[in-house]
Amino acid sequence: MCSSDLPGEKNVVPALQVQGSSVGAGSGEKTSGGSAKPGGKAGKVDWDFLSGLEGGASRGTPKEEDIARFLAKHGETPANLVVAFEIAKDRRWLDRALELFPKSPLVLMKAIEAAPNPPAKEGEKYAPDPERMALIERFKEADPNNPVPRFFAAQELFKSGATPEAIAEIRAALDRPAFYVYANERMDAAQRLYGSLGMGEIEASAVAMFGLTLPHMTAANQASRGLMEWQKSAAESGDAASSDDALRLTYALGRTFATPEASRLLIGQLVGLAME
């Protein structure tokens, strides 16, 4: 199956199963005292804050002292600083992560996601952002056996019309078996941060999962579209070999999401199936 309309276009995980049962951001039962059950832990929950978290978007943000207290207790690790940036929407925490951990793949992937990525102006050719491309190259160096940075590179190259270079990145990605997007580290850190804000264990776990961003899904999605555009162009020009090659690469790209790490989340399985 091939499709240009793939799931995962949004970079946020939808409602999935946690510990064998489907739960949402408001899974705890609100009591008159403001505590939640069954949340695993007793504690006060800021329900106005919690109600804004569904879908990974928050109408409120933790206070500066909340983040400082969290980092003082749990440390300035790559994952903790990244989730502090994600949840507090404060760029300085990402800058701090890049300063302390310039070669961390986890930090670099988040920096790529946060880098400028404006669309081409009408009538102009798309030009990749130099900062974003530099971060992608650093990600490749930091995690050389991981195909994920190659997805980002292919995405940018297809958008800029550099099809041969983009195809080369896809081939390089398919030769790298160590698919990893640091989901466990990011969700664990987010769960700790939400727990420090007063959420119960189940609520914190669910909201951490729902807020997990997956920019590699969009990158792979757009790369697969680039491959199918190449396939269409090759077929129309009578280049059967290139057309077949494009189909093989698209199928192989989809199979990448059948690996245990990539398919842990339902959305990863759906993206892979759509590409195949």
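**Here's the deal with the pattern of salt bridges**
Then step 1. Per the counting criterion, the structure on display carries 14 salt bridges.
Then step 2. Where Glu64 meets Arg92, a salt bridge forms, and the shortest distance between an N and an O atom there is 3.1 Å. On the criterion of sequence distance, the pair formed by Glu64 in helix α2 (residues 64–74) and Arg92 in helix α4 (residues 91–100) is long-range, its members being 28 residues apart.
Then step 3. Under the relative-accessibility criterion, Arg92 is labelled partly exposed at 38%.

**Re the packing of helix α8 (residues 163–174) against helix α11 (residues 215–236)**
Then step 1. Two numbers describe how α8 lies on α11: the axes approach to 11 Å, and their chain directions differ by 125°. Taken as axis vectors, α8 and α11 run oblique relative to one another. Seen along the crossing, α8 lies across α11 with a hand that is left-handed. Along its contact with α8, which presents Thr163, Ile167, Ile170 and Arg171, the element α11 presents Ala223, Leu227 and Trp230.
Then step 2. Here the residues of the contact of α8 with α11 are counted per class, giving 5 nonpolar, 1 polar and 1 charged.

Rules used in this analysis
- Residues numbered from 1 in each chain as written.
- Predicted model: local features only at pLDDT ≥ 70, side-chain atom pairs only at ≥ 80, totals over all residues.
- Heavy atoms only, no water.
- Salt bridge = Lys/Arg side-chain N within 4 Å of Asp/Glu carboxyl O.
- Helix = DSSP H or I, 4+ residues; strand = E, 2+ residues; numbered from the N terminus.
- Buried < 20%, exposed > 50% of the residue type's maximum accessible area, 1.4 Å probe, protein only.
- Axes fitted to C-alpha atoms, helices over the stretch in contact; angles between N-to-C directions.
- Parallel < 35°, antiparallel > 145°, perpendicular 65-115°, else oblique.
- Left-handed = near helix turned anticlockwise from the far one by under 90°.
- Contact = heavy atoms within 4.5 Å.
- Nonpolar A, V, L, I, M, F, W, Y, C, P; charged D, E, K, R; others polar.

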